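Spelled out from the first residue to the last, the chains are:
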Amino acid sequence: MVSELGLADAVLPVPGDHPASRNRFLYVAGALHKLPSGLGALLRTVPPFSRALLWSGLRDLLAPAGTEPDESIHAFALRRFGREVADIAVDSVCRGVFAGDCRALSVRSCFPLLFRAERRRRSVLLGLALGSGERRGGGGGGDPHTRGAESGLSRRARAERWSQWSLRGGMETLPEALAEFLRERGVELRCHQRLRSLRRRHDGRWELTLADGTVTADHVVSALPAAALAEALPAEAAVLAQELRRIPAVSVAVVNLQYEGAALPVTGFGHLVPSLEDGALLGIVYDSVAFPQHNGAAAASLRLTVMLGGAWFEQSFGDPAAAAPELLLHRAQAAVREQLGLEPAPTRSIVRVHQACIPQYTLGHWQRTEHIGRFLAEHRLPLSLIGASYSGVSVNDCIASAKVAVERLLGPQR
Ligand SMILES: Cc1cc2nc3c(=O)[nH]c(=O)nc-3n(C[C@H](O)[C@H](O)[C@H](O)COP(=O)(O)OP(=O)(O)OC[C@H]3O[C@@H](n4cnc5c(N)ncnc54)[C@H](O)[C@@H]3O)c2cc1C
Ligand SMILES: C=Cc1c2[nH]c(c1C)Cc1[nH]c(c(CCC(=O)O)c1C)Cc1[nH]c(c(C)c1CCC(=O)O)Cc1[nH]c(c(C)c1C=C)C2
């Protein structure tokens, strides 16, 4: 998509051999720990773990496969790899992707590859090593048709093992270029218009009520968060609305900090903090390590993003709509001082609370999405659901779900 939008030259890649790709850290028991990488490190005891991770791998190879239709990520990791991996490593990753609590999240829906690996091969590690036995393209990657021909950029990303990428003008360039691409092709965009209601007319078409008027449509592709769509649906879709409301989302406070003349004690992408260490503080991204191009005029700046809240937002900071920016800034600065040893005050800071921004695929999410799909099919509703609420929370997942929806409507594209 980046290539098709003409943005290939604006891509800032982070290749596999970059420190931001190689060095991964956890903050546990008051100290930063580099996660073991490579086989040798797996054979040694490396803190914060009290024994070599090899033992966790052996446990996975020997433990029987689970039989439940779904399980929390924590229960799954505990059963397969033991308590330390579940409480420290897996707990942290869930906070770094879903801002969520691995005791509530579903392994089947959040990590389908791991869930299927265990079911098919009895062991997660064996399943990952041998493959699931399916054709490539399952899960987040979508159907092979929807992936289209691989672009030169995508081949390069694979060859250089990019762990992440950004765009010279920041990620906002992506939706901006998409909007421009669509406008040039005659698509009418009505931005920043809240959908108030969706109603089926007698002729079967939808009527959408926006803040400034109505729109009629043969088919609606909704990228609204599930709960927001539920609010707009008509009374005859109450069953669907009820199911959509069961897909919750958590709020995250994002605090951007910029320092001049300060240095990090380590280099990497950033670090994560397990919930046992500190519920409120999810982790810190070292932005200027991966993307110094975004430092602007002060090229030697240190830029950090502190992420707070998630599933712990309300218990830590109260109502996300009313959380005081000063409190969040204070909390973020305290974490930077304590965890990274940076004493000076930042020269710039931005505090933003993103309310209900990451959907949570809690235990039984697969049943909810199945019920939703069945309702749409049985009632022949001309409505497709895409976006982060259903089948993957990352940007890539959202693009894949949009492609699947379009192919269902129009048939395979190119
Ligand atoms: C802090 C943070 C960091 C992230 N980092 C990454 C990352 O590194 N990599 C990655 O792949 N993903 C990342 N993500 C996830 C990424 O942001 C999501 O994948 C993506 O935004 C989901 O897109 P979406 O369109 O489904 O939902 P959203 O981006 O949430 O968009 C939903 C839109 O619907 C609008 N809306 C709600 N109600 C209505 C209504 N009634 N009428 C009209 N509009 C409405 C909202 O205003 C919003 O604009 C991150 C998310 C967060 C919060
Ligand atoms: C939906 C929200 C997402 C956030 N980050 C990602 C998504 C999709 C992408 C992502 N973040 C991490 C990974 C790697 C997981 C793994 O396999 O280990 C992915 C694919 C982990 C991560 N996230 C943050 C940090 C500092 C890290 C650690 C990276 C590393 O180990 O090197 C920052 C961060 N990103 C998000 C949150 C909520 C968050 C909180 C600290 C959102």
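Computed from a prediction, not measured in an experiment: that's the story for all the values here. (Residues numbered from 1 in each chain as written. Chains lettered and ligands numbered in written order. Predicted model: local features only at pLDDT ≥ 70, side-chain atom pairs only at ≥ 80, totals over all residues.)

A.B. asks: Whenever I open this one, the site of ligand 1 confuses me. Can you help?
C.D. replies: Around ligand 1, 20 residues are found, and the nearest of them are L195, A228, G387, A388 and S394. When residues of the shell around ligand 1 are traced back to their parent elements, those giving at least two are α12 (226-232), β9 (249-259), β13 (348-359) and α18 (395-410). Looking at the shell around ligand 1 residue by residue, the class counts come to 15 nonpolar, four polar and one charged. There are two domains that each give the shell around ligand 1 at least three residues, and those are domain 2 (190-247 + 362-410) and domain 3 (249-359). (Near = placed C-beta within 6 Å. Helix = DSSP H or I, 4+ residues; strand = E, 2+ residues; numbered from the N terminus. Nonpolar A, V, L, I, M, F, W, Y, C, P; charged D, E, K, R; others polar. Domains from an automatic or database assignment.)

A.B. asks: How do you make sense of the site of ligand 2 when you look at a structure like this?
C.D. replies: As a structural note, the neighbourhood of ligand 2 is formed by 19 residues, with R24, G96, F269, G270 and G283 the closest of them. Elements with a minimum of two residues in the shell around ligand 2: α5 (83-98), β10 (270-272) and β11 (281-285). Sorting elements by how many residues they give to the shell around ligand 2 places α5 first, with four residues. Here the shell around ligand 2 is built from residues that sort into 11 nonpolar, six polar and two charged.

A.B. asks: What exactly am I supposed to notice about the nonpolar core here?
C.D. replies: Inside soluble globular proteins, nonpolar side chains tend to come together where they are buried. Membership of the largest hydrophobic core comes to 66 residues, with the highest contact counts inside it found for I73, V306, L308 and V336. A domain split of this core shows at least three residues from each of domain 1 (19-141) and domain 3 (249-359). Sequence-distant contacts of L308, defined by excluding residues within four places in its chain, comprise A253, V255, A280, L281, L282, L328, R331 and A332. (Core = buried A, V, L, I, M, F, W, Y, C linked by C-beta atoms within 7 Å. Buried ≥ 20, exposed ≤ 12 C-beta atoms within 10 Å, placed from the backbone. Contact = placed C-beta atoms within 7 Å.)

A.B. asks: Any chance you could explain the environment of D87 here in plain terms?
C.D. replies: Among the secondary structure elements, D87 is positioned in helix α5. With 184 residues separating them in the primary sequence, D87 and H271 have C-alpha atoms 16 Å apart. If near-sequence neighbours (up to four positions away) are discounted, D87 is found in contact with P274 and L276.

A.B. asks: How do you make sense of helix α17 (residues 365-378) when you look at a structure like this?
C.D. replies: Given 3.6 residues per helical turn, the α-helix brings residues three or four places apart onto the same face. With 14 residues, α17 should cover 20 Å at 1.5 Å per step; its first-to-last C-alpha distance of 20 Å lies within 8% of that length. Residues of α17 that are buried include every one of H365, R368 and I372, and no others. The arc enclosing the buried residues of α17, seen along the axis, measures out at 60°, which places them on a common side. Facing away from the buried side of α17 by more than 90 degrees, the exposed set consists of E370, G373, R374, A377 and E378. Here the buried face of α17 lies against α6 (107-110), α13 (238-245) and β14 (383-385). Immediately beyond the C-terminal end of α17, within one or two residues, lies R380, with a positive phi of roughly 45°. (Expected span 1.5 Å × (residues − 1). Arc of directions from axis to C-beta.)

A.B. asks: Please clarify how the domain arrangement of the protein should be interpreted in this entry.
C.D. replies: The figure often quoted for interface size is the accessible area lost as the parts come together. Taken as a whole, the protein is organised into domain 1 (19-141), domain 2 (190-247 + 362-410) and domain 3 (249-359). Taken together, the contact between domain 1 and domain 3 spans 20 residues of the former and 23 residues of the latter. Residue assignment for the side of domain 1 that touches domain 3 shows that the elements contributing at least two residues are α1 (19-22), β2 (25-28) and α5. Examining the composition of the side of domain 1 that touches domain 3, we find that seven residues originate from one element, α5, more than from any other.

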